[in-house]
Amino acid sequence: QVQLVESGGGLVQAGGSLRLSCAASGRTSSNYIMAWFRQAPGKEREFVAALKWTSGSTNYADSVKGRFTISRDNAKDTVYMQVNSLKPDDTAVYYCAARFGNILFSLEKKYDYWGQGTQVTVSS
């Protein structure tokens, strides 16, 4: 059973930065996609970024391109998301998700494994 554990959220002022981490365990294959989603209060969960573990290929939501960077550490089996130039609209619970396969889906329903989430709050 794949388990995902996020960390790194917190309270930050607008314009600030954070690095979110998601440690994975229980994987049985390296043919794997890891992604970040977020859910703001009163809104549906939305795609933020995805990474293909084998190649490092990435996909981003337009709203975060140029500000957020997803990356991985193979040795630690961990995916990161560096979030820069934060805005109050980025306030949300950020979730790590994973699926086996090759396609960088942005659809929530395509992901089988989820972490518990980490809160990011951006003050103005």
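Structure: see above.
Residues numbered from 1 in each chain as written. Predicted model: local features only at pLDDT ≥ 70, side-chain atom pairs only at ≥ 80, totals over all residues. Heavy atoms only, no water.

**A few points about the state of the cysteines**
When the sulfur atoms of two cysteines share a covalent bond, that bond is a disulfide.
Phase 1 of the analysis: Taken as a whole, this structure holds one disulfide when the rule is applied.
Phase 2 of the analysis: The residue that forms a disulfide with Cys 22 is Cys 96, at a sulfur-sulfur distance of 2.1 Å. Taking the sign of the S-S torsion, about -80 degrees here, the bridge from Cys 22 to Cys 96 comes out left-handed. Of this pair, Cys 22 sits in strand E3 (residues 18-25) while Cys 96 sits in strand E9 (residues 92-100), and the two are 74 residues apart along the sequence. When sorted by exposure, Cys 22 lands in the same class as Cys 96, which is buried. (Disulfide = S-S within 2.5 Å. Helix = DSSP H or I, 4+ residues; strand = E, 2+ residues; numbered from the N terminus. Buried < 20%, exposed > 50% of the residue type's maximum accessible area, 1.4 Å probe, protein only.)

**Section: the packing of aromatic side chains**
Phase 1 of the analysis: On inspection of all chains with the given rule, the structure shows five aromatic pairs.
Phase 2 of the analysis: Relative to Phe 47, the ring of Phe 37 lies with its centre 5.7 Å away and its plane at 75 degrees, an arrangement referred to as edge-to-face. Here Phe 47 lies in strand E5 (residues 46-52) and Phe 37 lies in strand E4 (residues 32-39), a separation of 10 residues in the sequence. Across the pair, exposure class does not vary: Phe 37 and Phe 47 are buried alike. (Phe/Tyr/Trp six-rings, centres within 6.5 Å; stacked < 30°, edge-to-face > 60°.)

**Observations concerning the sheet that holds strand E7 (residues 68-73)**
Phase 1 of the analysis: Spatial strand order, E1-E3-E8-E7: four strands in an open sheet with antiparallel pairing. Each edge of the sheet is formed by a strand with only one pairing partner; in this case those strands are strand E1 (3-7) and E7. For this sheet, the mean angle separating the axes of adjacent strands, direction not counted, is 20 degrees.
Phase 2 of the analysis: Bridging between E3 and strand E8 (residues 78-83) involves six bridges; their strand directions are antiparallel. Bridge pairing in E8 links Ser 21 to Tyr 80. (Pairing = 2+ DSSP bridges. Axes fitted to C-alpha atoms, helices over the stretch in contact; angles between N-to-C directions.)

**Quick look at the nonpolar core**
Phase 1 of the analysis: Residues Leu 4, Met 34, Trp 36, Met 81 and Tyr 94 are the most contacted members of the largest nonpolar core, which totals 38 residues.
Phase 2 of the analysis: Within the residue set of this core, elements represented by two or more residues are E3, E4, E5, E7, E8, E9 and strand E11 (118-123).
Phase 3 of the analysis: Broken down by element, this core gets its largest block of residues, six residues, from E4. (Core = buried A, V, L, I, M, F, W, Y, C linked by side-chain atoms within 4.5 Å.)

**Focus on the pattern of salt bridges**
Any two side chains of opposite charge can pair, on the condition that their charged atoms come close.
Phase 1 of the analysis: On inspection of all chains with the given rule, the structure shows six salt bridges.
Phase 2 of the analysis: When the shortest N-O distance is used, the salt bridge between Glu 46 and Arg 38 registers 2.6 Å.
Phase 3 of the analysis: For Glu 46, a relative accessible area of 35% gives the class partly exposed.
Phase 4 of the analysis: Lys 65 is the salt-bridge partner of Asp 62, the closest N and O atoms lying 3.2 Å from each other.
Phase 5 of the analysis: A residue is classified by how much of its surface remains accessible, and Asp 62, at 64% relative accessible area, is exposed.
Phase 6 of the analysis: Residues joined by salt bridges that share partners form a network here, namely Arg 38, Glu 46, Arg 67 and Asp 90. (Salt bridge = Lys/Arg side-chain N within 4 Å of Asp/Glu carboxyl O.)

**What to know about the side chain of Ser 21**
Phase 1 of the analysis: The topology assignment puts Ser 21 in strand E3.
Phase 2 of the analysis: In contact with Ser 21, not counting residues within four places along its chain, are Val 5, Glu 6, Ser 7, Trp 36, Thr 78, Val 79 and Tyr 80. (Contact = heavy atoms within 4.5 Å.)

**Describing the environment of Phe 68**
Phase 1 of the analysis: Within the secondary structure, Phe 68 sits in strand E7.
Phase 2 of the analysis: Since its relative accessible area comes to 2%, Phe 68 is described here as buried.
Phase 3 of the analysis: Along the chain, Phe 68 and Asn 84 lie 16 residues apart, while their C-alpha atoms are 6.0 Å from each other.

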